[in-house]
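Summary of structural features
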Amino acid sequence: MTPLTAGGGGPIASSARDGTPSISCILPAFNEGETLPALLAELSNELRQHFERWEIVVVNDGSSDDTEIRIAPWLKGRGVRYVSLSRNFGKEAALTAGLDRARGDLVLLMDADLQHPPALIPDMLRAWREGADMVYTVRATRGGESFLKKLGTRIFYRIVNAGSAVPIPANAGDFRLLDRAVVDALKSLPERNRFMKGLYAWVGFRTVAVAYEPNERFAGESTFSMRGLSRLAVTGVTAFTNAPLRLWSAVGATIAVGALLGGVWFIVEHYTMGTDVPGWATLAVSMMFFSGVQLLSIGILGEYVGRIFDEVKQRPVYLVRHDSGPSDESAAEAP
C-alpha cells in the first residue's frame with residue numbers, strides 16, 4: 001500500500017478514526033447474472049468479518065440476462081438492496097443511483113464481475129482509519145489489455161490532465177472506499193454528463209492509493225466496447241478540460257500566420273524573381289485542407305455545445321423501474 005498523501009500530493013497529519021462504522025457496498029451490474037451469486041457470497045463473508053452493520057446495493061443497469069432471478073434469493077432480509085433502472089443508462093449513472101441510496105458511514109464502490117477482490121477491503125479500511133477520506137485502487141499492471149486500449153488510455157490521461165486544474169490519477173478505477181463526507185460532496189454535484197473518475201478527483205479530500213492486481217473475470221465477457229469507452233473518454237475530456245479548444249485555437253493561429261507569411265513570400269518572389277504564382281492545384285489543395293480544419297474545429301466546439309444542451313434540459317441522470325427498499329443492515333448467512 002502506498003503512503004498516505006493528501007489530494008495535492010503532500011503528506012498529511014494523522015487523524016486516526018476509532019469505532020465501528022457502517023458500510024454500504026455499491027455494485028453496478030449489467031448482464032452479470034452468472035457472477036452476482038458468487039460475488040455476493042464472497043463480499044458478504046468479507047463484510048461480516050469487519051463490520052457489524054453493512055448493506056450491499058445492487059444496481060441493475062438495464063440487464064437483459066437473468067440478473068433479477070439470480071439476485072432474488074438474496075433479498076430476504078440479508079442486507080441486500082436491489083435497484084433496477086428503467087433501461088441501460090451506463091455505469092456512471094448506475095454508480096450515481098447507488099450513491100443516492102447508500103446509508104453507510106463508508107461507501108465501497110466495486111464492479112460486479114469479481115475482478116475487484118473483496119479481500120482488499122481490510123487494507124482500504126486500514127487506510128481510512130489512518131485518516132484517508134477516500135481510498136482508491138490503482139492497477140499494478142494492465143496485463144491482458146490490447147495494445148490499442150493501453151495506447152488509448154495513455155493518450156486520454158495526457159489530454160484530460162493537460163488543461164485541467166485537478167489532475168486525474170492514471171490507472172485509478174471506480175474500486176474505492178469513500179467516507180460519508182466524500183459521498184455527500186459527490187451527491188451535491190448537479191451535472192448530468194457524469195465522469196465519475198474526474199468527479200472523485202475534483203471533490204478533493206484526503207486520498208490514498210492502494211495498488212492491486214485485478215482478478216480474471218469470473219464468468220462472461222466485458223460489456224465495455226471500444227465505442228463505449230470512446231464515448232466515456234469524450235465525456236471526460238469535455239467535462240474536465242478545455243485543452244481541445246485551446247489546441248485548435250493554437251492550430252488556427254498557426255495556420256493563419258503561415259498563410260500570411262506564405263502570401264508575403266509569393267508577392268516578394270513574384271516581383272523580385274518574376275516567378276509565377278502557383279496555379280489552381282495549390283489553391284484547391286489549400287482550400288480542402290483549411291475546410292477540413294474548420295469542420296474539425298466546429299465538431300470539437302459542437303461537443304462542448306452539446307454538453308451544455310444536455311445540462312440545460314435538466315433530465316434526471318437515471319430513472320428507477322424497481323427498488324426493493326432499504327435493506328436490513330445485518331450479517332446474515334448466504335443463501
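Scroll up to find the structure this text is about.
Not measured: the values here are computed from a predicted model. Each chain has its residues counted from 1, following the order in which its sequence is written. Local features in this predicted model are restricted to residues of pLDDT 70 or higher, and side-chain atom pairs are both shown and tallied only at a pLDDT of 80 or more, whereas totals for entire chains, interfaces and linings draw on every residue. Hydrogens and waters are ignored; side-chain quantities use all the structure's heavy atoms.

Some thoughts on the pairing of strand 5 (residues 134–139)
For a regular strand, side-chain orientation follows a simple rule: the groups alternate between the two sheet faces. One bridge is not enough; two strands pair if DSSP finds at least two bridges between them. For helices the rule is a DSSP run of H or I covering at least 4 residues; for strands it is a run of E covering at least 2, with both sets numbered from the N terminus onward. Bridging between strand 5 and strand 6 (residues 172–179) involves 4 bridges; their strand directions are antiparallel. Counterpart to Met134 in the pairing with strand 6 is Leu178. Where strand 5 meets strand 7 (residues 207–212), 6 bridges bridge the pair, whose relative direction is parallel. Across the sheet, Tyr136 pairs through a bridge with Ala209, a residue of strand 7.

Here's the deal with the pairing of strand 4 (residues 106–109)
Only protein chains enter the accessibility calculation, which uses a 1.4 Å probe. A residue is then buried if its area is under 20% of the maximum for its type, exposed if over 50%, and partly exposed in between. A two-sided burial pattern is seen for strand 4, the buried positions comprising Leu106 and Leu108 on one face and Val107 and Leu109 on the other. Sheet topology places strand 4 next to strand 6; 4 bridges connect them, and they run antiparallel. By the bridge assignment for strand 6, Leu109 is matched with Arg176.

With respect to the sheet that holds strand 8 (residues 320–323)
The mixed open sheet is built from 8 strands, whose spatial order is 7-5-6-4-1-2-3-8. The open sheet has two edge strands with one neighbour each: strand 7 and strand 8. Ignoring which end each strand starts from, the neighbouring axes of this sheet average 20° apart. Of the strand pairs in this sheet, strand 1 (residues 23–29) and strand 4 are connected by 4 bridges, and their pairing is parallel. Counterpart to Ile23 in the pairing with strand 4 is Leu106. The strands that helix 1 (residues 36–50) touches are strand 1 and strand 2 (54–60); relative to strand 2, the one it contacts most, it runs at about 160°. Contacting strand 4, strand 5 and strand 6, helix 7 (residues 196–203) runs over the sheet at an angle of about 45° to strand 6. As a rule, the C-alpha atoms of each element are fitted with a line to give its axis, helices using only the stretch in contact, and angles between N-to-C directions run from 0 to 180 degrees. We call two residues contacting when some pair of their heavy atoms lies within 4.5 Å.

Looking at helix 6 (residues 180–187)
Buried within helix 6 we find Val182, Val183, Ala185 and Leu186. When helix 6 is viewed along its axis, its buried side chains cluster within an angular range of 160° and face the same direction. Packed against the buried residues of helix 6 are helix 3 (91–101), strand 4, strand 5, strand 6 and helix 7. Counting of polar contacts relies on pairs of N or O atoms within 3.5 Å, with two restrictions inside protein: one atom must be capable of donating a hydrogen and the other of accepting it, and residues adjacent in sequence are counted only when both atoms are side-chain atoms. In this structure Asp179 caps helix 6, since a side-chain oxygen of it lies 3.0 Å from the backbone nitrogen of Ala181. In this description, the arc belongs to the directions extending from the helix axis to the C-beta atoms.

Notes on the nonpolar core
The nonpolar side chains of soluble globular proteins are, as a tendency, buried together. The biggest cluster of nonpolar side chains holds 35 residues, and the ones touching the most others in it are Ile23, Leu43, Leu47, Ile56, Val58 and Leu108. Elements that contribute at least two residues to this core include exactly strand 1, helix 1, strand 2, strand 3 (80–85), strand 4, helix 4 (121–129), strand 6 and strand 7. Setting aside anything within four residues of it in sequence, one finds Ile56 in contact with Cys25, Leu27, Leu40, Leu43, Ser44, Leu47, Gly79, Val80 and Arg81. Residues belong to one nonpolar core when they are buried, are Ala, Val, Leu, Ile, Met, Phe, Trp, Tyr or Cys, and are joined through side-chain atoms within 4.5 Å.

Here we look at the pattern of salt bridges
The term salt bridge refers to a side-chain nitrogen of Lys or Arg lying within 4 Å of a carboxyl oxygen of Asp or Glu. Enumeration over the complete set of coordinates arrives at 11 salt bridges. Where Arg70 meets Asp66, a salt bridge forms, and the shortest distance between an N and an O atom there is 3.0 Å. Between Arg206 and Asp133 there is a salt bridge, and its shortest N-O distance comes to 3.1 Å. Here the residue Arg206 occupies a position in the loop between helix 7 and strand 7, and Asp133 occupies one in the loop between helix 4 and strand 5, the gap between them amounting to 73 residues. Owing to a relative accessible area of 27%, Arg206 belongs among the partly exposed residues under this scheme. Within the structure, one salt-bridge network assembled from shared partners comprises Arg81, Arg101 and Asp323.

Points about the packing of helix 6 against helix 7
At a closest axis distance of 10 Å, the pairing of helix 6 and helix 7 adopts a crossing angle of 115°. Note on packing geometry: the crossing formed by helix 6 with helix 7 is right-handed. Here Val182, Ala185 and Leu186 of helix 6 come into contact with helix 7, specifically with Leu199, Tyr200 and Val203. Split into classes, the residues belonging to the contact of helix 6 with helix 7 amount to 6 nonpolar, no polar and no charged. Left-handed is the label given to a crossing in which the near helix is rotated counterclockwise from the far helix by less than a right angle, and right-handed is the label when the rotation is clockwise. By the convention adopted, Pro, Cys, Tyr, Trp, Phe, Met, Ile, Leu, Val and Ala count as nonpolar, Lys, Arg, Asp and Glu as charged, and the other residues, Gly among them, as polar.

Considerations on the side chain of Asp174
Of note, Asp174 is situated in strand 6. Within the local environment of Asp174, its side chain forms a polar contact with the side chain of Tyr200, the two groups lying 3.4 Å apart. Dropping the residues within four chain positions of it, Asp174 is found in contact with Lys91, Leu95, Leu109, Met110, Met196, Lys197 and Tyr200.

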